[in-house]
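What the coordinates show
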Amino acid sequence: MKLGRLLVDSGRYKEALDIVQDIKTKNLTDALILDYYFIHKEAFSGLSFYTMVKNSKSDYDLLYTKYKDSLSEKLANSSSENLALLEKKYRDNRELEKALVINSKRLQVLKIGNRNYSMVTFERSLLFQLKNDIENQKKYLILSAISDIRSNVKDNASLTELAMILYSENDIDRAHNFITFSMEDAKFYNSPLRFVNISNILPAITNAYETRSYEQKSKLKNFIILISLLSIVLLMVITYIFKQNKKLSAAKNKLNTANNELSRLNTELNFTNEDLSRLYQLLSESNHIKEHYIATFLNLYSEYIDKLDIYRKLVTKYIVTNKTNELLELTKSKQVIDTELRVFYKNSYNL
């Protein structure tokens, strides 16, 4: 009976049935008869689920129902196994809310890290799958997988289902990691059933992962080529900028030298301008003095001509009138000279 339970748990349904078919049920204790019905129920449930032949599936369903009902009659209503049967009944009839209530009762007494906790949370994920609630389905698959890992259970289905969901969501990396992890567990546990399940989706996930890896490598290669080209261009630009900076620095030095020379010339020019201004001022003053002196000279010269003319007329008058004595007295007198001296001194003072 223990060997049959081990075989059915590992997915070897036909072998499990072969082991227990010769057992006489009338010789079994109540505990063993429960194991007997449980082995048949699980075996026919698995065969019904995985068979591809419709007629065989119907036969397996009838046998599953027969042994499930027999097992249910032997179990107490509040037992965990009976609750599991009742939940599956509601699930099969698509009475999902009732099934969730039963599942919650089962889950209340369990803790994560226990084999039963892994099974109950996995069955809860099936209910949310039927409700099309993907997020809660993933949540309970994750809890089931964590519990399997903590309890060191290698016969796990939750991680495989989770990998399928992640693959459908295009989360290729995690889907590949999870399906690879599940495959390693299946190899360790040596479960043909798990190998079949995983083999159905492993190629698709692996191909998607390899395709994505190839695309990433191609993109990476293109990026490396692009970065290399950009690096060459950048190096050329840096070299060009460096040369231009050298030229600019040389031109700047020349410009500074030219500016210094220009400043020096400008200073000299300022001094020259000041000298020119001073010379211009002196020339202006000199011209003004020259003009003044010329004007004064011309004025005096004109006055002397007039005075000479007057004197000439006076002399002529005295001669014509035969006033020689008066003329002699006039020439002896210094009055005219004194008058002219005063005018001379006055003009000299004004100059």
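Residues numbered from 1 in each chain as written. Predicted model: local features only at pLDDT ≥ 70, side-chain atom pairs only at ≥ 80, totals over all residues. Heavy atoms only, no water.

**Here's the deal with the overall build of the protein**
Cut-off, in case you're wondering: Think of it this way: any DSSP run of H or I at least four residues long counts as a helix, any run of E at least two long counts as a strand, and we number them from the N terminus. All radius of gyration figures rest on C-alpha atoms, and the globule criterion is 2.2 Å times the number of residues raised to 0.38. Throughout this description, buried means an accessible area under 20% of the type-specific maximum (1.4 Å probe, protein chains only), exposed means over 50%, and partly exposed covers the range between. We call two residues in contact whenever any of their non-hydrogen atoms come within 4.5 Å of each other. Values of accessible area rely on a 1.4 Å probe in the Shrake-Rupley scheme; residue burial ignores everything except the protein chains shown.
When helices and strands are counted, the protein shows 13 helices and zero strands. Relative to the compact-globule value of 20 Å for 351 residues, the protein shows a C-alpha radius of gyration of 65 Å, a clear excess of over 25%. Along the first, second and third principal axes, the C-alpha set of the protein runs to 210 × 45 × 35 Å. The burial tally for the protein puts 28% of its 351 residues in the buried class. Counting contacts in the protein only where the partners sit at least 6 residues apart, residues at least 24 apart contribute 52% of the total. Of the roughly 24600 Å² of accessible surface on the protein, 59% is carried by carbon and sulfur atoms.

**Some words on helix H7 (residues 115-130)**
Here is the rule: How far a helix is expected to stretch is found by multiplying one less than its residue total by 1.5 Å. Any N or O atom pair separated by 3.5 Å or less is treated as a polar contact, with the protein-specific requirement of one donor-capable and one acceptor-capable atom, and with residues adjacent in sequence counted only for side-chain atom pairs.
With 16 residues, H7 should reach 22 Å at 1.5 Å per residue; the first-to-last C-alpha distance of 23 Å fits that figure. Each element contacted by the buried residues of H7 is listed here: helix H5 (80-92), helix H6 (96-108), helix H8 (134-150) and helix H9 (158-168). Two or three places before Asn116, at the start of H7, stands the capping residue Asn114, its side-chain oxygen 2.7 Å from that residue's backbone nitrogen. Among the residues trailing H7, Asn132 stands out with phi positive, at a value near 60°.

**A closer look at the packing of helix H1 (residues 2-9) against helix H3 (residues 30-50)**
Formally: To get an axis, a line is fitted to the C-alpha atoms, and for a helix only the part in contact is used. The angle between two axes follows their N-to-C directions and goes from 0 to 180 degrees. To sort the angles, those under 35 degrees are grouped as roughly parallel, those over 145 as roughly antiparallel, those from 65 to 115 as roughly perpendicular, and the leftovers as oblique. A clockwise turn of the near helix away from the far one marks a right-handed crossing, whereas an anticlockwise turn of less than a right angle marks a left-handed crossing. Under the scheme applied, nonpolar residues are Ala, Val, Leu, Ile, Met, Phe, Trp, Tyr, Cys and Pro; charged residues are Asp, Glu, Lys and Arg; polar residues are all the others, including Gly.
Closest axis-to-axis distance for the H1/H3 pair is 10 Å, and the angle between their directions is 25°. If you check the angle between H1 and H3, you find them roughly parallel. Here the hand of the crossing between H1 and H3 comes out left-handed. Touching Gly4, Arg5 and Val8 of H1 are Asp35, Phe38, Ile39, Glu42 and Ala43, all from H3. Within the contact of H1 with H3, the residues separate by chemical class into four nonpolar, one polar and three charged.

**Brief notes about unusual backbone geometry**
You will see that Arg94, though not glycine, has its phi angle at about 60°, which is positive. Relative to the helices and strands, Arg94 resides in the loop between H5 and H6. Exposure remark for Arg94: the relative accessible area of 52% places this residue in the exposed category.

**A short note on a nonpolar patch on the surface**
Our working definition: The patches reported here contain residues having more than 30% relative accessible area and no salt bridge. Joining distances are 9 Å for like charges and 5 Å for nonpolar side chains (Val, Leu, Ile, Met, Phe, Trp, Tyr). A carboxyl oxygen of Asp or Glu within 4 Å of a side-chain nitrogen of Lys or Arg is what we treat as a salt bridge.
A contiguous nonpolar surface patch, about 540 Å² in accessible area, is contributed by Ile294, Phe297, Leu298, Tyr301 and Ile305. Mapped onto the secondary structure, Leu298 falls in helix H11 (residues 192-320). Its relative accessible area of 51% is what places Leu298 among the exposed residues.

**Section: the nonpolar core**
Definition in use: In this text, buried Ala, Val, Leu, Ile, Met, Phe, Trp, Tyr and Cys residues form a nonpolar core when linked through side-chain atoms within 4.5 Å.
If you look at the biggest cluster of nonpolar residues, it comprises 20 residues, and the most contacted ones within it are Tyr36, Tyr37, Phe44 and Leu71. Where this core is concerned, the elements lending two or more residues are H1, helix H2 (13-20), H3 and helix H4 (54-74). Among the elements that take part in this core, H3 stands out by supplying eight residues, more than any other.

**A short note on the side chain of Arg91**
As a reminder of what qualifies: Under the counting rule used here, the positive set is Lys and Arg, the negative set is Asp and Glu, and His together with the chain ends is not counted.
Within the secondary structure, Arg91 is located in helix H5. No salt bridge is formed by the buried Arg91. Its closest oppositely charged neighbour is Glu87, at 4.0 Å.

**Some words on the side chain of Ser144**
Positionally, Ser144 belongs in helix H8. Once residues within four sequence positions are removed from consideration, Ser144 is found in contact with Ser118, Thr121, Phe122 and Ser158.

**A look at the pattern of salt bridges**
Under the counting rule described, the total for this entry stands at 15 salt bridges. With a closest N to O distance of 3.2 Å, Lys98 and Glu95 form a salt bridge. Judged by relative accessible area, which is 46%, Lys98 ranks as partly exposed. For Arg174, the salt bridge goes to Asp171, with nearest N and O atoms at 2.8 Å. Using a relative accessible area of 44% as the deciding quantity, one classes Arg174 as partly exposed. Note on Asp171: relative accessible area 22%, which makes it partly exposed. Bridged by salt links that share partners, the residues Glu87, Arg106 and Glu123 form one connected network.

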